[in-house]
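# Chain and residue survey
Chain by chain, the residues:
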Amino acid sequence: MNDMTITRAEREAKLEGMGCKRKRVEDIRFTQGKGNYVDDVKLPGMLHGDFVRSPHPHARIKSIDKEKALKVPGVLAVLTAEDLKGVNLAWMPTLAGDVQMVLADGKVLFQNQEVAFVVATDRYAADDGINAVEVEYEALPVLVDPFHAMDPDAPVLREDLAGKTEGAHGPRRHHNHIFEWTVGDRDLTDAAFRKAEVTIKEMISYHRTHPSPLETCQCLCSFDKVKGELTIYGTFQAPHVIRTVVALIAKIPEHKIHVIAPDIGGGFGNKVGAYPGYICAAVASIVTGRPVKWVEDRIENLCATSFARDYHMTTEIAATKEGKVTGLRVHVLADHGAFDACADPSKWPAGFFNIVTGSYDFPTAHLAVDGVYTNKAPGGVAYRCSFRVTEAAYCIERAMDILAQKLGMDPAELRLKNFIRQEQFPYHSALGWEYDSGDYHTAMKKMMEVVDYAGLRREQAEKRAAFQRGETREIMGLGISFFTEIVGAGPSKNCDILGIAMFDSCEIRLHPTGAGIARMGTKSQGQGHETTWAQIIATEIGIPADDIMVEEGNTDTAPYGLGTYGSRSTPVAGAAIAMAARKVKAKAQMIAAYRLEVHEDDLEWDIDGFRVKGLPEKFLGMKDICWIAYNAPPPGMEPGLEAVSYYDPPNMTYPFGAYLCVMDIDVDTGVYKVRRFYALDDCGTRINPMIIEGQVHGGLTEAFAIAMGQEIRYDENGNVVTGSFMDFFLPTAVETPHWETDFTVTPSPHHPIGAKGVGESPNVGGVPAFSNAVNDAFSFLGSTHIQMPHDFWRNWQAAKTLGAV
Ligand code: CDP
């Protein structure tokens, strides 16, 4: 029976369902230092592995002598490529269809490449062992600049590909060429440019950077020789994919591989791929018969595991003189480093970069991407973004500002003129996507009103005049970014990883007393899934979120899923959760109908149970239904109340947002100050507004870092010069600006609860807002485009080049 002593609002509040600012349940253990990370897992007899790494970016290996290392106290084994060849693991497949050396085989191709793996009783002994391994190198010419990768006399990097004119993604034109990927209508686009009244062309680079999560990549492998079982604890964003890949390449039956991803201290794309450390730790455990742990240090993380971006985008827009865009042409030179290890769905060599038409109604567009090898670390991961969407958003948002400047038009007005209109959704873009929903004009106008955009432009005009009169040395920039993301990979018909279809899953099991457990194929790395997934279930089936335990990361218990990256969790697993909950609810309805002695159709859902239509006192709550399901189900019905859903989305979701950055720059020092940053996000139905705000704060902080200084830089000899936090900009609370957040709600029409992803959006939209602010500040001095990152030194240099200093 219904508890009549509490109101409907109180019953609803008790659930802490969708829309509630529920506090993060996982923080109870994190804030007390009680998290359980890979480094906390210690197994009896555990050994430690560490890498000998190459000081050379390109060199032939003449010899490796392990004798002295094996005499170091505590060192038990030293693995080289020759040892791995015995088990056919000297090379491993990458997610992008290439192969990658696990340990250097004949030569090294980037500085800090893994050359040998030393296994010892503790980390210190392993380190001593590393210093005792003697490697003789013969230096080879180094290729750093991707623009020279396909020169006729460029050094041959990948000797293993000699003579191969076909790669995983089609023909190769040169020994350092990986692929060419083209999308769109070239002839139509060329015609649009021939007819154009106004055109712009700019080479817009998105520099190489790195996700640098606080916890580096690590694993602990334990092979049980008696059972023939391999248990792997690891920092895995996609535990099931790791299990399947290990089964395929190590030929261990998949049911004998147990992958456990415990708490993870940030991933941001860094923990999607497979790294040599995982293979070496597994082989070392098989060889020694003892558990082997591998934990990379900060320098190794920055220099060897998975960089992001490194896209050089020559961008052209055709338009009328009134500012209506008529065509977009982009050529990307993609620097993939020594191996193509991009973490993109298999069929997409440049990820979803073809979202580059952005929020604008381009009648035609053409895109060509050339991937090339250089002597740099491999990777190309989606650093808090959905597969190259960040690069695309930066490209188009910078280009729109450049066009506005050429037309002498306000960049906000240009955007409003070219937005896809609300009535055009679902919208088919010129480069092949179907945008699910959007209301761009409302979001943009709300942003302009809240920040008083017109007032800020007036203030800027006054400041510019004062600068010209010599009354101030400060310049002011307004950086607009209006981004459209594409998240939720993906429909399995066009998204897979090494042939594994990209769906996701949820299993819900309710216990007799009305509490339950829910397991998913996703894996939180800080996004708060334990909190929000329970909220979806609470709203769907009326059991308080506090009574639902969410568990992820154990491949033995969780249903198969493709993991968490590219903001796919809410669009895909979030949908699976709702669908599993609805299956549970359907059975609950049958039970309620039997108990209340009515037909199922005579029942209606009411917050936390079923009520007979027109008879408010005839009510059965979900908690009671749980008890009945186990102890007195209707005749002929199986006991229990649980369901599984594997959800293959019909489309991706397209969150969007309107951001504005107000920045002041002192031209004499290059020092900038972010005076105001406003971020309006539309992620459809909002599950937990507080978590969304936290996601936006975190993403904006990373965007700020990337735009204003964070970079993996190589010198002309191939040395990494930003290999530690002394040189790689990681903002602390001191540097981080204040964030103002806002929202509109445009639900996704195909998602069961109307939700779109949000985690990546602030990084995607944030970077162009910062960069446009810097460029807008300098534009009146005659510049059209200044490359990122915009640190103090580069700002000062820009001022100098423009004659302001
Ligand atoms: O895949 P990932 O978890 O990184 O990204 P996401 O799907 O954007 O979700 C990040 C966090 O924001 C999760 O805890 C979601 O439940 C939450 N979220 C939300 O509360 N409402 C949305 N519409 C989207 C995400």
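The protein carries the name Carbon-monoxide dehydrogenase large subunit in an unreviewed UniProt entry, which gives Shinella yambaruensis as its organism.

### A closer look at unusual backbone geometry
Excluding glycine, residues mostly carry a negative phi; peptide bonds, for their part, are mostly trans. Looking along the chain, the bond that leaves Phe425 and enters Pro426 is cis, with omega of -5 degrees. For Pro426, the position within the fold is in the loop between α11 (411-418) and β21 (427-428). Here the bond from Met788 into Pro789 is cis, since omega is -10 degrees, no more than 30 degrees from zero. In this structure, Pro789 sits in the loop between α18 (761-779) and α19 (792-801). With a phi close to 40 degrees, Ser306 is a non-glycine residue in the positive phi region. The exposure class assigned to Ser306 is buried, which follows from its relative accessible area of 2%.

### As for the pattern of salt bridges
Counted according to the given criterion, the structure contains 59 salt bridges. Among the ionic pairs, Arg519 bridges to Glu551, the shortest N-O distance being 2.8 Å. Within this pair, whereas Arg519 is found in strand β27 (residues 516-520), its partner Glu551 is found in strand β28 (residues 548-551), the two being separated by 32 residues in sequence. Its salt-bridge partner being Arg582, residue Glu540 comes within 2.9 Å of it at the nearest N-O pair. Of this pair, Glu540 sits in helix α14 (residues 529-541) while Arg582 is found in helix α15 (residues 569-596), placing the two residues 42 residues apart along the sequence. The class of Arg582 is partly exposed, set by a relative accessible area of 35%. Through salt bridges with shared partners, one network takes in Arg8, Arg11, Asp606, Asp608 and Arg611.

### What about the UniProt feature "domain: Aldehyde oxidase/xanthine dehydrogenase a/b hammerhead" (unreviewed entry) in the protein?
Here, UniProt's "domain: Aldehyde oxidase/xanthine dehydrogenase a/b hammerhead" (unreviewed entry) annotation points to residues 32-141. The span residues 32-141 is 17% helical and 36% strand by assignment, and the distance between its end C-alpha atoms comes to 52 Å.

### Concerning the nonpolar core
Counting 151 residues, the largest nonpolar core has Phe353 and Phe770 as its most contacted members. Broken down by element, this core gets its largest block of residues, 12 residues, from helix α10 (residues 389-407). Not counting residues within four places of it along the chain, the set of residues in contact with Phe770 comprises Cys661, Met663, Val674, Phe677, Leu700, Ala703, Phe704, Ala707, Met708 and Trp739. Within the second largest apolar cluster, 45 residues are counted, among which are Cys506, Ala593, Ile607 and Met622.

### Structural notes on the pairing of β28
Along β28, the buried face is formed by Ile548 and Val550; none of Met549 and Glu551, which line the opposite face, is buried. Pairing of β27 with β28, which is carried by 4 bridges, proceeds in the parallel orientation. The residue bridging Ile517 from the neighbouring strand is Met549, located in β28. Each parallel crossover has a hand, and the one from β27 via α14 to β28 is right-handed.

### A few points about the domain arrangement of the protein
If you check the domain split of the protein, you get domain 1 (8-35 + 504-647), domain 2 (38-140 + 220-264 + 271-288) and domain 3 (390-487 + 652-801). If you average the C-alpha positions of domain 2 and of domain 3, the two centres end up 40 Å apart.

### Some remarks on α14
Relative to the 18 Å expected for 13 residues at 1.5 Å per residue, α14 spans 18 Å between its end C-alpha atoms, a close match to the ideal helical length. Among the 13 residues of α14, 11 are classified as buried, and the element is accordingly described as predominantly covered. Considered for burial, the residues of α14 that qualify are His529, Thr531, Thr532, Trp533, Ala534, Gln535, Ile536, Ile537, Ala538, Glu540 and Ile541. Taken from the residues just after α14, Gly542 is the one with a positive phi, measuring 75 degrees.

### Comments concerning the packing of α15 against helix α16 (residues 622-631)
Two elements in contact, α15 and α16, have axes whose closest approach is 10 Å; the angle formed by their N-to-C orientations is 85 degrees. Classified by the angle their axes make, α15 and α16 are roughly perpendicular. Of the residues in α16, those in contact with Val584, Ala588, Ile591, Ala592 and Arg595 of α15 are Met622, Ile625, Ile628 and Ala629. A per-class count over the contact of α15 with α16 returns 8 nonpolar, no polar and 1 charged.

### With respect to the side chain of Arg298
Mapped onto the fold, Arg298 is located in helix α9 (residues 298-304). Lacking a salt bridge, the buried Arg298 has Glu296 as its closest oppositely charged neighbour, with an N-O distance of 6.8 Å.

### Some words on a negative patch on the surface
Side chains of Asp122, Asp127, Asp128 and Asp297 sit close together on the surface and give a patch of like negative charge. When you line up the elements, Asp127 lands in helix α5 (residues 123-132). Judged by its relative accessible area of 37%, Asp127 falls in the partly exposed class.

### Some remarks on α10
For α10, with 19 residues, the first-to-last C-alpha span of 27 Å sits near the 27 Å given by 1.5 Å per residue. Two residues or fewer past α10, Gly408 is found with a positive phi of approximately 70 degrees.

So, how was this worked out
Numbering of residues starts from 1 in each chain and follows the order in which that chain's sequence is written. Restriction of local features to residues with pLDDT of at least 70 applies here, the model being predicted, together with a cutoff of 80 or more for giving and counting side-chain atom pairs; totals for whole chains, interfaces and linings are based on all residues. To get the side-chain values, all heavy atoms of the structure are used, and hydrogens and water are removed first. A run of H or I in DSSP becomes a helix once it reaches four residues, and a run of E becomes a strand once it reaches two; helices and strands are each numbered from the N terminus. For every residue, the accessible area (1.4 Å probe, protein chains only) is compared with the maximum for its type, and the residue is labelled buried under 20%, exposed over 50%, or partly exposed between those bounds. Salt bridges are defined by distance alone: a side-chain nitrogen of Lys or Arg within 4 Å of a carboxyl oxygen of Asp or Glu. UniProt positions are given in the numbering used here, feature names are shortened, and annotations may be inferred rather than shown by experiment. Among buried residues, those of type Ala, Val, Leu, Ile, Met, Phe, Trp, Tyr and Cys that are joined through side-chain atoms within 4.5 Å constitute a nonpolar core. Here a residue-residue contact requires only that any non-hydrogen atoms of the pair lie within 4.5 Å. Strands qualify as paired when DSSP identifies two bridges or more between them. Orienting the strands away from the viewer, one traces the path from the first strand over the helix to the second; a clockwise path indicates a right-handed crossover. Domain boundaries shown here were taken from an automatic or database domain assignment. The span expected for a helix works out to 1.5 Å for each residue beyond the first. Here an axis means a line fitted to C-alpha atoms, over the contact stretch when the element is a helix, while the angle between two N-to-C directions is reported on a 0 to 180 degree scale. Here the word oblique covers every angle except those under 35 degrees (roughly parallel), over 145 (roughly antiparallel) and from 65 to 115 (roughly perpendicular). Each residue is assigned to one of three groups, with Ala, Val, Leu, Ile, Met, Phe, Trp, Tyr, Cys and Pro labelled nonpolar, Asp, Glu, Lys and Arg labelled charged, and all others, Gly among them, labelled polar. Positive charges are assigned to Lys and Arg, negative charges to Asp and Glu, while His and the chain termini are left out of the count. Residues form patches when they are more than 30% accessible in relative terms and have no salt bridge. Like charges link within 9 Å. Nonpolar side chains (Val, Leu, Ile, Met, Phe, Trp, Tyr) link within 5 Å. In these tables, accessible area is a Shrake-Rupley quantity obtained with a 1.4 Å probe, and a residue counts as shielded only by the protein chains included in the view. All charge positions are set by atom: Lys at NZ, Arg at CZ, Asp at CG, Glu at CD.

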